[in-house]
Amino acid sequence: MKRFVIVAGTRPEIIKVAPIIRKLIDRKINFKFIYSGQHYDHRLSTQIINDLELPIPDFSLKLKSKTPASQVAEIMTNLADKLGNKDDIVLVQGDTNSVLATSLLAVKLKRKIAHIEAGLRSFDWRMPEEHNRRMVDHISDFLFAPTRNSYQNLLDENVSGKIYISGNTVMDAIKEHLPFSKKKSTILQNVKFSEYVLATFHRAENVDDEKVLNNIIKGIISAKIPTIISLHPRTRKMLKKFSLLKKLENNKNIQILNPQGYLDFLALMKGCQFILTDSGGIQEENTSPLLSKRVLVLRKSSERPEAIDLGVASLIPLKYQKIREAILREWDAKRMKIKTSPYGSGNSAGKILNVLQKHL
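Residues numbered from 1 in each chain as written. Predicted model: local features only at pLDDT ≥ 70, side-chain atom pairs only at ≥ 80, totals over all residues. Heavy atoms only, no water.

Peer 1: It is not clear to me how the overall build of the chain should be interpreted in this structure. Could you clarify?
Peer 2: For the chain, the count of helices and strands is 16 helices and 13 strands. The C-alpha extent of the chain, read off along each of the three principal axes, is 60 × 45 × 40 Å. Each of the 360 residues in the chain was classed as buried or not, and the buried ones make up 61%. In the chain, the proportion of contacts linking residues at least 24 apart, taken out of those at least 6 apart, comes to 71%. (Helix = DSSP H or I, 4+ residues; strand = E, 2+ residues; numbered from the N terminus. Buried < 20%, exposed > 50% of the residue type's maximum accessible area, 1.4 Å probe, protein only. Contact = heavy atoms within 4.5 Å.)

This is the structure we're talking about:
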C-alpha cells in the first residue's frame, strides 16, 4: 500500500510536522513516523512528542556522531532499510542534517521527496542550514514554499520539482497547541519576574565563537533588564568552555531555565515582552496574531524576510553595545499587534496533503 513516510529529527521539525500527522490521522491515511535522533536531549525530542500527544514514532534512532558530516552519514546508514517502498512519498521539513540525510537517501532509493518549508534563503554561506536547504530543494519532487518570496527563490533557481505556495505549518502548530499550553503548562509559576525578555541562542556561528558569544552575554548583562534564558545544551557547553556561565548564574537580572518543552516555551513566548534569539522558527511564530511579539535577531542575515518586512523581526549587530541598545529600546517600545501573518492562517497542513494525496 502506498503511504507517507515522515522523518523528523529536531524539536522544530517535530513541531512543524505535528499538524500534518494529525491531518493524516483524521483522514485515515497510512503513514510511518520516524525520529532520526539528531536532538539528543530529552526535552528537545521525546518530551516534545509527548507534549503534543503525537503517536510514538515507528522507529527512533540514536545518533553517536556529533560532526555534521558524520551525522549525515549515520542517519543515511540507519534509515536505509526503514524508508518505505518505492511508491511511498518521503516528507521532510526544514533544513537540518536530518533533512539533508533523509533526502539524499530517498533520492538514491528512488523515493519521491516532499520538502515542506522549501525555498527559504539567507544567502549566507556561513550557515550550514543554507547548504542543506539548497541541496534538498534541488532533489525534491514536491516543494511547499511557505510564502511568495520563497516561491520566487525556487523559480529563480530553476528547481526541477513541482512548486506550491502552502503557508507554513508553524501557524497550524500555534493554533492547535496554544490551547494545550494554557491548560497544561505551569512554567510561568517558576518565573521570578513579572515582566521579562525571553532569550535563546544556539547557532554555531554564535555560540562556538568566543568573541561573539561574549558580546551576546555582555550585551544582555549590561542592559540590566529581567531576562529569562532558555539554555540550549550546546550553548551551556560553550558558556562553560569560555568561562561565561557563572556570569549569568550570578546575575540577579538573569534566570536560566533548562530547555523547555514546546507547550512551556509557548507559554514563555506568550508571557514575555519580546524575544532575543538566533532562531529562524521563532521569527515565524511571532508573526502569528496569537503571539504578536517583537523578535530581536542575533544574526547578520535572515531567511525570513517576511518577518522583517512585517516589523516583527529586526537584525541586531553582534556587538555588545548594539545588543544592549536594542534591548533597552525595545523594552520601552509600544507592544505590537498583528492582524495577519505572512505565513498563512493555520491551514497549511491541509493544503499540503490535498496536493500529495493526488499523487498517491
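Peer 1: Any chance you could explain the packing of aromatic side chains here in plain terms?
Peer 2: For any pair of aromatic rings, geometry is given as the distance between the ring centres together with the angle between the planes. Per the counting criterion, the structure on display carries one aromatic pair. Between Phe144 and Tyr164, the aromatic rings sit 5.5 Å apart at their centres with planes inclined by 25°, giving stacked as the arrangement. Here Phe144, found in strand β6 (residues 142-145), pairs with Tyr164, found in strand β7 (residues 162-165); they are 20 residues apart in sequence, far enough to count as distant. The exposure class assigned to Tyr164 is partly exposed, which follows from its relative accessible area of 24%. Sitting over the face of the ring of Phe265, Arg11 holds its NZ or CZ atom 5.0 Å from the ring centroid. Above the face of the Tyr320 ring, Lys218 is positioned so that its terminal group lies 4.0 Å from the ring centre. (Phe/Tyr/Trp six-rings, centres within 6.5 Å; stacked < 30°, edge-to-face > 60°. Lys NZ or Arg CZ within 6 Å of the ring centre and 35° of its normal.)

Peer 1: Help me out: how do you make sense of the packing of helix α1 (residues 11-26) against helix α16 (residues 348-357) in this one?
Peer 2: Angle between the axes and distance between the axes are the two parameters that describe a pair of packed helices. Orientation of α1 relative to α16, taken along the N-to-C sense of each, is 60°, at an axis distance of 9 Å. Judged by the angle between their axes, α1 and α16 are oblique. The two elements α1 and α16 meet at a crossing, and its hand is right-handed. Contact residues: Pro19, Ile20, Lys23 and Leu24 in α1; Ala349, Gly350, Ile352 and Leu353 in α16. Of the residues contributing to the contact of α1 with α16, the split by class is six nonpolar, one polar and one charged. (Axes fitted to C-alpha atoms, helices over the stretch in contact; angles between N-to-C directions. Parallel < 35°, antiparallel > 145°, perpendicular 65-115°, else oblique. Left-handed = near helix turned anticlockwise from the far one by under 90°. Nonpolar A, V, L, I, M, F, W, Y, C, P; charged D, E, K, R; others polar.)

Peer 1: Help me understand the sheet that holds β6 in this model?
Peer 2: Picture the strands of a sheet paired through backbone hydrogen bonds; they go either parallel or antiparallel. Read across the sheet, seven strands follow the order β3-β2-β1-β4-β5-β6-β7 without closing on themselves; strand pairing throughout is parallel. In this open sheet, the two strands that pair with only one neighbour each are β3 (59-60) and β7. Where strand β2 (residues 31-35) lies against β3, two bridges are found, and the strand directions are parallel. Counted as the bridge partner of Ile34 is Phe59 from β3. (Pairing = 2+ DSSP bridges.)

Peer 1: Can you help me understand the nonpolar core in this one?
Peer 2: Most often, soluble globular proteins keep nonpolar side chains buried together rather than apart. Counting residues in each nonpolar core, the largest one holds 59 residues, and the members touching the most others are Phe4, Ile6, Ile20, Leu91, Leu198 and Leu356. Apart from the residues within four sequence positions on either side, Leu91 is in contact with Phe4, Val5, Ile6, Val7, Ile20, Ala114, Ile116 and Leu356. Formed by 29 residues, the second largest nonpolar core is a distinct cluster that contains Phe201, Ile229, Ile254 and Phe274. (Core = buried A, V, L, I, M, F, W, Y, C linked by side-chain atoms within 4.5 Å.)

Peer 1: Honestly, helix α3 (residues 68-79) in this entry has me stumped. Any pointers?
Peer 2: For an α-helix, the turn length of 3.6 residues means that residues three or four places apart are oriented alike. Across its twelve residues, α3 extends 16 Å between first and last C-alpha, which sits within 8% of the 16 Å expected from 1.5 Å per residue. Taken as a whole, α3 has its buried residues at Gln71, Val72, Glu74, Ile75 and Leu79. What you see down the axis of α3 is that its buried residues fit within an arc of 170°, all on one side. Summarising the geometry of α3, the exposed residues directed more than 90 degrees from the buried face are Ala69 and Thr77. Against the buried residues of α3 lie β1 (4-8), β2 and α4 (97-108). (Expected span 1.5 Å × (residues − 1). Arc of directions from axis to C-beta.)

Peer 1: Explain the side chain of Arg121 here, please?
Peer 2: Relative to the assigned elements, Arg121 resides in the loop between β5 (112-116) and α5 (128-139). Within the local environment of Arg121, its side chain forms a polar contact with the side chain of Asp137, the two groups lying 2.9 Å apart. For Arg121, the residues in contact, after removing those within four places along its chain, are Glu130, Arg133, Arg134, Asp137, Asn153, Leu154, Glu157, Ser302 and Glu303. (Polar contact = N/O pair within 3.5 Å; in protein donor to acceptor, adjacent residues only side chain to side chain.)

Peer 1: Explain the sheet that holds strand β9 (residues 227-230) to me, please; I cannot follow it from the model alone.
Peer 2: Taken in spatial order, the six strands make up an open sheet running β10-β9-β8-β11-β12-β13, and their pairing is parallel. Each having just a single partner strand, β10 (254-257) and β13 (313-315) make up the two edges of the open sheet. Strand-to-strand twist of the sheet, defined as the mean angle between neighbouring strand axes without regard to direction, takes the value 20°. Two elements, strand β8 (residues 197-200) and β9, share three bridges in a ladder whose sense is parallel. Following the sheet pairing, Leu198 is matched in β9 by Ile228.

Peer 1: I keep staring at the environment of Thr186 and nothing clicks. Help me out?
Peer 2: Among the structural elements, Thr186 can be located in the loop between α7 (169-184) and β8. Take Thr186: its relative accessible area is 45%, and that puts it in the partly exposed class. Taking the C-alpha atoms as reference points, Thr186 and Leu263, 77 residues apart in sequence, are found 9.4 Å from one another.

Peer 1: Would you explain the environment of Asp124 in this entry?
Peer 2: Note that Asp124 resides in the loop between β5 and α5. Residue Asp124 is classed as buried on the basis of its relative accessible area, which comes to 9%. Between the C-alpha atom of Asp124 and that of Arg22, which follows or precedes it by 102 residues, the distance is 34 Å. With near-sequence residues (within four places) excluded, Asp124 lies in contact with Glu130 and Ser301.

Note that every value here comes from positions in space, so none of it alone points to a role or purpose.
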